[in-house]
Amino acid sequence: MPAGRHRLVLSVDLDEWFHSRRWTDGVQTQAIPDMAALLRRLYGSDRPGGELVAPTRALLDLFDRHQVKCTFFVLGEVAEWYPDLVREIAARGHEIGCHGFHHVDMTVLGPDQFAAQLDRAVSILTPLAGRAPIGYRAPNLVYAPWATRVLESRGFAYDTTVCVSRPIGGKYKGWANAPHHPYHPSYDDVSKPGDARLVELPLPSFPGIKLSAGSGILTRVIGYHWTMTSLRYRIRSGDTGFYFHPWEVAERPAAAGRTWRGALFYRHTGRWMLGAVDRILTHFRGRVVTAREAAGA
Ligand SMILES: [Zn+2]
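Being a predicted model, the structure only gives us computed values, none of them experimental. (Residues numbered from 1 in each chain as written. Predicted model: local features only at pLDDT ≥ 70, side-chain atom pairs only at ≥ 80, totals over all residues. Heavy atoms only, no water.)

Peer 1: Give a detailed account of the overall build of the chain, specifying residues and quantitative values.
Peer 2: Assigned secondary structure in the chain consists of 12 helices and 8 strands. The C-alpha radius of gyration of the chain comes to 18 Å, within 12% of the 19 Å expected for a compact globule of 297 residues. The C-alpha extent of the chain, read off along each of the three principal axes, is 55 × 40 × 40 Å. Looking at the chain as a whole, 59% of its 297 residues are labelled buried. For the chain, the share of sequence-separated contacts (at least 6 apart) that also reach a separation of at least 24 residues comes to 71%. With an accessible surface of roughly 12,100 Å², the chain has 52% of that area assigned to carbon and sulfur atoms. Charged side chains in the chain number 36 positive and 28 negative. The centres of these two groups are separated by 7 Å. (Helix = DSSP H or I, 4+ residues; strand = E, 2+ residues; numbered from the N terminus. Rg over C-alpha atoms; globule rule 2.2 N^0.38 Å. Buried < 20%, exposed > 50% of the residue type's maximum accessible area, 1.4 Å probe, protein only. Contact = heavy atoms within 4.5 Å. Areas by Shrake-Rupley, 256 points an atom, 1.4 Å probe, with all protein chains shown as cover. Lys, Arg positive; Asp, Glu negative; His and termini not counted. Charge placed at Lys NZ, Arg CZ, Asp CG, Glu CD.)

Structure below.
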C-alpha cells in the first residue's frame, strides 16, 4: 500500500457503562463479577436498563452518513440482553467480533475458563451475526500468552488487544516495544513478532512518549488532539486503530452516581464525543476499514 494511504481500523466495544466501573468506583472487576447481584443493585432487575440501545443507534446512523463500516466487539452477555441490537448491527453491514462472555480479565479466568466463556460467546454471536466471529478483543485489554493458541483453535484470525504503550495503571506491561502496525505475534509473547497464524492489530500510542492514545476514553479525558496527533503520526507508516464505546456518546447514566473519579472518567461523554468521532471520520475519509479487512481475513 502506498505511503499515506494506510488505513484506520475503526471499532466499537459494545459494552455497558458499568463494564468499566472499575475506573469510577474502584471496584476491581477483573475479579469474576456477580453480574446478577450488580444488576439487582443498579436496576432492581435481572437485566440492565437499556441505556446501550440509543447511543448504539446514534453511532450506526453516524457510520451510515459517513458510509463506513466498523467492527463491533460484543460480549456474550450483552448479546443475550440485546439480541435484536446485535442482529441490527450485522444487518447494517458491520462486522461482529467477540469480546468474551463476561467483562473479566483473562488472567483471572485461566485458559480453561477463558476457552469455555469464548465458546459460549461464539455460540450466541454466530446465529445473530450470520457467521462465526473471526476477531477478538480482550476485556480491559488484558492478554495472557496462552490465549493466542486458544483463539487459533477456535478459528479466530486476528486479535486487537495490544496497545503499544508504556504501562498505565498496571496494564500494558511489556508492550511498549510491540510493532506499531499489524503483525503475526509470537506464541510466547503477543507483543513480539513471531510465527503465530493469528494477526495482531495493535492500538496506537502518542509518538515519543508512547502513552495509550487510540481509545475514546483517552480522547475524552486528555483531549481530541491527543488522539488525532497520534493517529495522524502512526498512519504515516502503516495501518492504525481507534476504538470507543457506545456509553461514551451517551449522557452520563444516573445509576453511575457522582464521584470525583466519575467526574473525570465521564468527562466529555455525550454530544462532545459524538462530535469527536464525526471529526475523526471526516479527517480519515476513504481510509476507514473494519478489523477484518485490516487483518486481510
Ligand atoms: Zn470492554
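Peer 1: Quick rundown of the coordination of the zinc ion? Include the residues and the values.
Peer 2: Those donors, Asp15 (OD), His99 (NE2) and His103 (NE2), are the protein atoms that reach the zinc ion, and they lie 2.0 to 2.1 Å from it. Here the donor residues of the zinc ion are spaced in sequence according to D-x83-H-x3-H. Highlighted residues: Asp15 in the loop between strand S1 (8-14) and helix H1 (22-25) and His99 in the loop between strand S3 (95-98) and helix H6 (106-129), separated in sequence by 84 residues. Across the pair, His99 and Asp15 agree in class, each one buried. (Donors = N, O, S within 2.8 Å, 3.2 Å for Na, K, Ca; no water.)

Peer 1: Outline the pairing of strand S7 (residues 240-244), listing residues and values.
Peer 2: Here S7 lies mainly inside the structure; 5 of its 5 residues are buried. Of the two faces of S7, the one lined by Thr240, Phe242 and Phe244 and the one lined by Gly241 and Tyr243 are each fully buried. One ladder, built from 5 bridges, connects S1 with S7; its direction is parallel. The partner of Val9 across the bridge, within S7, is Gly241. (Pairing = 2+ DSSP bridges.)

Peer 1: An account of the pattern of salt bridges is requested, with residue identities and associated values reported.
Peer 2: Scanning the entire structure with this criterion turns up 12 salt bridges. Among the salt bridges present, the one from Asp61 reaches Arg92, with a minimum N-O distance of 2.7 Å. Taken together, the positions of Asp61 in helix H3 (residues 53-66) and Arg92 in the loop between helix H5 (83-91) and S3 put the pair 31 residues apart, joining distant regions of the chain. Judged by relative accessible area, Asp61 falls into the partly exposed class, the value being 37%. Arg92 sits in the partly exposed class, given a relative accessible area of 22%. The partner of Arg92 in a salt bridge is Glu88, and the shortest N-O contact between them spans 2.9 Å. Look at Glu88 and you get buried, because its relative accessible area is 18%. Ionic contacts of the salt-bridge type, sharing partners, join the residues Arg57, Asp61, Asp64, Glu88 and Arg92 into one network. (Salt bridge = Lys/Arg side-chain N within 4 Å of Asp/Glu carboxyl O.)

Peer 1: So what about helix H9 (residues 224-234)? Which residues, and what values?
Peer 2: Helical periodicity: at 3.6 residues per turn, an α-helix aligns residues three or four positions apart in one direction. For H9, the set of buried residues is Tyr224, Trp226, Thr227, Met228, Ser230, Leu231 and Arg234. Against the buried residues of H9 lie S1, helix H8 (216-221), S7 and helix H11 (271-283).

Peer 1: Describe the environment of His180, with residues and values.
Peer 2: Assignment of secondary structure puts His180 in the loop between strand S5 (158-159) and strand S6 (199-200). Considering only alpha carbons, one finds His180 and Trp247, 67 residues apart in sequence, at a separation of 28 Å. Excluding anything up to four places from it in sequence, His180 contacts Val164, Pro202, Ser205, Lys210, Arg234 and Asp239.

Peer 1: How would you explain the pairing of S1 if you had to name every residue and give the values?
Peer 2: In terms of burial, S1 is a largely internal element, 7 of the 7 residues being buried. Residues Leu8, Leu10, Val12 and Leu14 line one face of S1 and the alternating positions Val9, Ser11 and Asp13 line the opposite face, and both faces are buried. Where S1 meets strand S8 (residues 288-289), 2 bridges bridge the pair, whose relative direction is parallel. If you follow Leu8 over to S8, its bridge partner there is Val288. The pairing of S1 with strand S2 (residues 71-74) spans 4 bridges and is classified as parallel. Pairing of Leu14 across the sheet is with Val74, part of S2.

Peer 1: Before we move on, can you summarise unusual backbone geometry with the specific residues and values?
Peer 2: For Gln67, which is not glycine, the phi dihedral falls at a positive 55°. By secondary structure assignment, the location of Gln67 is in the loop between H3 and S2. Despite not being glycine, His268 has its phi angle at roughly 65°, a positive value. Secondary-structure assignment places His268 in the loop between helix H10 (260-265) and H11.

Peer 1: Tell me what's going on with the side chain of Gln117, and back it up with residues and numbers.
Peer 2: Inspection of the secondary structure assignment puts Gln117 in helix H6. The residues contacting Gln117, other than those within four sequence positions of it, are Phe101, His102 and Leu109.

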